[in-house]
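# Remarks on the overall topology
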Amino acid sequence: MFNPQSSESSMLTSRETLLSTLETLPDALFVVDDATTIVYANASAQTMLGASREQFLGNPFWRGAPQLVSPSLYQAVQKTRQTRAPSEVEYVSPVTGTWLHVQLSPTLGGLTLQFHEVRALARRQEIVPLSEHLSIEDLDGLFSRIGVLTPKGIVLEINEVPLAEARVRREEVIGHPLTETRWWSFSPTSQEQLRAAIARASSGETVRFEAVIHPREGLDRHLDVAITPRKDADHHIAYLVIAGIDITERKRAEAEIHALIDAIPQLVWTTQPDGSHDLFNQRWHDYTGQSTAEAQGEGWMQCLHPEDRPRVRSAWQRAVQTGGVYETELRLRQNTIGEYRWFLARAMPIRDDTGQILKWFGTSTDIEEKKQAEEALRASQERASVLMNSSIIGIFFAEGEQIVDANDTYLRMTGYTREDLCEGHINWLRMTPPEYLARTQQARQELVIQQFGTPYEKEYACKDGSRLPVVVGVVALRRDPQLHTIGFMLDNSARKELEQRKDDFISMASHELRNPLTALKLQTALLHRQLDKHGTLDQVPALSSMQTQINKITRLVEDLLDVSKIQAGRLEYRQESVDLDALLREIVDTMQQTNPSHTILVHGTAEVSLLGDRDRLGQVFTNLLSNAIKYAPSAEAVEMELSASKDAVVVQVQDHGLGIPRELHDKIFDRFYRVTDPKQKAIPGLGMGLYIVAEIVRHHGGTLMVESEVGKGSTFQVTLPKKRDG
Ligand code: ADP
C-alpha cells in the first residue's frame, strides 16, 4: 500500500498529497518496518499516544506505543508479516480501556497499522487469544504474576500484581523488554538470568527457575518462574507466557530452617530420594572441612573411616531401598586434627501425601564420649569377668546372709552347684561353724562401720559337711534394705596344712628334745653331787655353767611344748589356791639373783589368794620380768606394782627400755611374732613368751594390756579376777 522509504521520486508530488491526507485522518496510523520500528505516525497517532512524533519515531512499536500493545495485536502483526495479507483485530486497549479496531496491511518493507476507536459496544474478545482460550485472569488464581512476552521478551500483557509491586503504570511496562522493566530487577545477574531463560524458551523449551526480583526499593521477592513457549498453527513460537509464583515466604521459612539446622550441635544432612546427599549444615562443614560440592553424592564418605565404609554403605542402601529408618554408628574424621570420632547417624524419609519419598533428613550425633565410656565400661567388665572367672579366688555376692551370685571357683570350693545358687540354697551364715560365729560377727560389724572388712581366717562348712579353711575379705556395696556385699575367698587349706605340719614338727621335736634333756639334767645333778662329795671343787664352776645352759635349753623346749599344747588346746592347768604376794616375791628373788644387772623394785601388795595354777601364773610374771630386763639393756631398774580392787588384782611390770611401736601392740601376742626393729632383733628370743602369757591370763579369766612408747619403755598390765567365773 504505502511505504515512504521506498517510494519512487516520480511519485513525490502524489506522496506529499498522500501525506497531508494521512495527517488529516481521524484514525491513528503507524507505519513500521520489518523490525517493527516506527517509521511514520500521523497526527492522530500523536494524539492517541499523547506524545510528539520525535518521541517515538525510530523506536520499536512495542516500546514506542505501549498504550496500544496487546497480545492480540502482537499476534496480528506477526500473522500479517508472515502471510503478507491484510488483517484486522479488535481488542481493549490495556491503557485507555477502550475498544480498538486495527487494520493491518503489509507494505514492501513492513506494514501499516490503522487504529480506529470503536464506540459501539462490541462483543469483548479475550484479552489473550491463546488457542487454549486461557486468559490472564484465569491464570491469576494460579500464579501471582503472569505476563505474555514476545519471543524476544517484549511485554505484551501483564497482570496487576507486578504493576502494583513496582508501582508502575501498565504503559511503562507494556512494549518494553521484561528484563529492563523496573519490576524485574536492576541487578545485572537477575537480568541476565531472565534473558537466558527467555532465549531458551524462545527455542521451544519450557524453562523453570528461581529468581530474586527487586520491584522497588526495599522490596525483594523470591519467585519460582516458568516460561512456556506457545506455538501457532505453523509450529512457530508465537509468544511466551511467563508465570511466577511468590515463594518468598517459603524461602524465608527455608532460610530460617537452615539457620536453625546450622545452629543445632548435630551434623545435619539431607539427601535426594535416591539416597545421594545434597545438603549439609554448617556444623558438618566445620567438622569435616568439606564443602557442599565435595560432600555431595557419596563425597562425604571420604570423611568416613575406611573400615566403616562397606558397612555404612550397605546399611544406607538397605534403608533407601526399604524406606525404613536408618540408624548406624560410624566414625567421621575431624578435619582440623585428622582424628576420627564416633557418631550415631540417623535418617528418616520425608514423604508426600501419596507416600512417595521426597527426601531423607539425617543427623549425626557425636557419641565419642559415650563410646569411650562404654569402652571403659566394657574393659572394666572384662577385667571384672577375668577376676570373676579366676580360678584362684572365690567371689560371691551376698544380700544379707544369702549368696545371690558366685563364680565357679567359689562353687567348686564349697561344693555347691549353680542350681543350688539359683534356688537360693547357699547361705554363708549357715555355712559358718559355731566356733567362728563370734569372729564372723566381729568382721560383720567392721564391715558396717567402715564399708570393708579386714581379711580374716575362718572355716566354712561345705555342702558335704567337710570343713574348708579360708581367708575371707568382704566389701559392702549398699544397704537396700539388706546389706549387699561382695566377698573374696581364698582357699587357705594348703597354708593351714603347712602350719599343721609345722606345729606337729614343733610338738614332736620338743618332745624328742625333752627326754635327752631330762636325762642330761639328772646326770649333771648327779655329777654335781659326786664332785661335792669328793671335794673336787675346782670343776664345780664349769659344771654350774653347763647346768645354766641346760636350764636355758630346757626352758626353750618347755616353751615350745607349751606352744604346741596351746595350739592343740591341750595345755593343762592345775586348780589350787595361790598366794600371789608369795609367788611374786619368790619370782622376784630368783630373777634378781640371775639378773644382777637390773634392780627389780616391787611396790604395793596384792594381799589376795587366787584360784589357779601356781606354776603357770609364775610363768606369766617370770616372762614379763625377763622381757622387761631383756628389752631395757641400758636401764638399771624394772618396776613391779601390785594393787587390788574389790573384784580384781592388778600387776604392772614396767621398764624404761626400747618400747614397742603402737601399731604392733596387738601383734606381739601372736605366736612366734618378734618386732623386726634391728635393736629388738639383736636381742635373742623366739617370740613365744607373750603368746604363752596371754593364753595363761586368758585361761584365768584375766586380761593383758600393754602401754608402750618407742624409746621410753613399756608397761604390761595383768588383771586377774579375784573369783574365777567358773
Ligand atoms: P621373745 O622371745 O622374742 O622375747 P615374746 O613373745 O616374749 O618373745 O615377745 C614378743 C616380742 O615383743 C619380742 O620379740 C619383743 O620384740 C617385744 N617385746 C616383748 N616385751 C617387750 C618389752 N618389755 N619391751 C620391748 N619389747 C618387748
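Owing to the predicted nature of the structure, the values given are computational and were not obtained by experimental measurement.

## What about the packing of aromatic side chains?
- Within this structure, the stated rule accounts for 15 aromatic pairs.
- Ring centres 6.2 Å apart and planes at 10 degrees place the aromatic pair Phe61 and Phe115 in the stacked group. Within this pair, whereas Phe61 is found in helix α4 (residues 61–64), its partner Phe115 is found in strand β5 (residues 110–118), the two being separated by 54 residues in sequence. With respect to class, Phe61 is no different from Phe115; both count as buried.
- Three or more aromatic residues link up through ring pairs in this structure, and these residues are Phe30, Phe56, Phe61, Trp62, Tyr74 and Phe115.

## Section: the sheet that holds strand β27 (residues 713–721)
- What the 5 strands build is an open sheet, ordered β22-β24-β25-β27-β26; its pairing is mixed. Strand pairing shows two members of the sheet lacking a second neighbour, β22 (599–603) and β26 (703–709), which therefore form its edges. The average undirected angle you get between the axes of adjacent strands in this sheet is 15 degrees.
- Packed onto the sheet, helix α22 (residues 614–630) meets β22, β24 (637–644), β25 (648–654) and β27 and runs at close to 170 degrees relative to β27.

## Some points on the pairing of strand β14 (residues 340–351)
- The pairing of strand β13 (residues 326–333) with β14 spans 8 bridges and is antiparallel. Opposite Thr328, over in β14, you have Ala345 as the bridge partner.
- As paired elements, β14 and strand β15 (residues 357–366) share 9 bridges and run antiparallel to each other. Each residue of the ladder has a partner; that of Met348, found in β15, is Phe361.
- Linking β14 back to β15 in an antiparallel pair, the connection comprises 5 residues, with Gly355 at a positive phi of about 90 degrees.

## Concerning α22
- With 17 residues, α22 extends 24 Å between its outermost C-alpha atoms, agreeing within 8% with the 24 Å of an ideal straight helix rising 1.5 Å per residue.
- By the criterion of burial, α22 is predominantly enclosed, with 12 of the 17 residues buried.
- Of all the residues in α22, the buried ones are Arg616, Leu617, Gly618, Gln619, Val620, Phe621, Asn623, Leu624, Leu625, Asn627, Ala628 and Ile629.
- Its side-chain oxygen at 3.1 Å from the backbone nitrogen of Asp615, Asp613 defines the N-terminal cap of α22.

## Notes on the confidence of the model for the protein
- Of the residues in the protein, 92% have a pLDDT of 70 or more, and the chain-wide mean is 86.
- Between residues 120–135, whose pLDDT stays under 50, and residues either more than four places distant or in other chains, the model counts 28 contacts.
- With pLDDT under 50 throughout, residues 138–142 is counted as low confidence; its partners more than four residues away or in other chains account for 7 contacts.

## Section: the environment of Trp62
- Mapped onto the elements, Trp62 comes out in helix α4.
- With relative accessibility at 6%, the residue Trp62 sits in the buried group.
- In sequence terms Trp62 and Tyr239 are 177 residues apart; their C-alpha atoms lie 14 Å from each other.
- Here Trp62 is in contact with Thr36, Val69, Leu73, Tyr74, Val77, Ile154, Leu156, Ile174, Gly175 and His176, once residues within four sequence places are set aside.

## As for the site of the ligand
- Around the ligand there are 19 residues in total, and Asn627, Tyr631, Asp655, Arg674 and Leu690 lie nearest to it.
- Within the side chain of Asn627, an N or O atom sits 2.9 Å from an oxygen atom of the ligand.
- In this structure, an oxygen atom belonging to the ligand sits 2.7 Å away from a side-chain N or O atom of Tyr631.
- Protein contact buries 97% of the 530 Å² of open area that the ligand shows by itself.
- Elements represented by at least two residues in the shell around the ligand include exactly α22, α24 (689–699) and β27.
- Partitioning the shell around the ligand into residue classes produces 9 nonpolar, 7 polar and 3 charged.

What counts, and where the lines are drawn
- Residues numbered from 1 in each chain as written.
- Predicted model: local features only at pLDDT ≥ 70, side-chain atom pairs only at ≥ 80, totals over all residues.
- Heavy atoms only, no water.
- Phe/Tyr/Trp six-rings, centres within 6.5 Å; stacked < 30°, edge-to-face > 60°.
- Helix = DSSP H or I, 4+ residues; strand = E, 2+ residues; numbered from the N terminus.
- Buried < 20%, exposed > 50% of the residue type's maximum accessible area, 1.4 Å probe, protein only.
- Pairing = 2+ DSSP bridges.
- Axes fitted to C-alpha atoms, helices over the stretch in contact; angles between N-to-C directions.
- Contact = heavy atoms within 4.5 Å.
- Expected span 1.5 Å × (residues − 1).
- Polar contact = N/O pair within 3.5 Å; in protein donor to acceptor, adjacent residues only side chain to side chain.
- pLDDT = per-residue confidence, 0-100.
- Near = heavy atom within 4 Å.
- Areas by Shrake-Rupley, 256 points an atom, 1.4 Å probe, with all protein chains shown as cover.
- Nonpolar A, V, L, I, M, F, W, Y, C, P; charged D, E, K, R; others polar.

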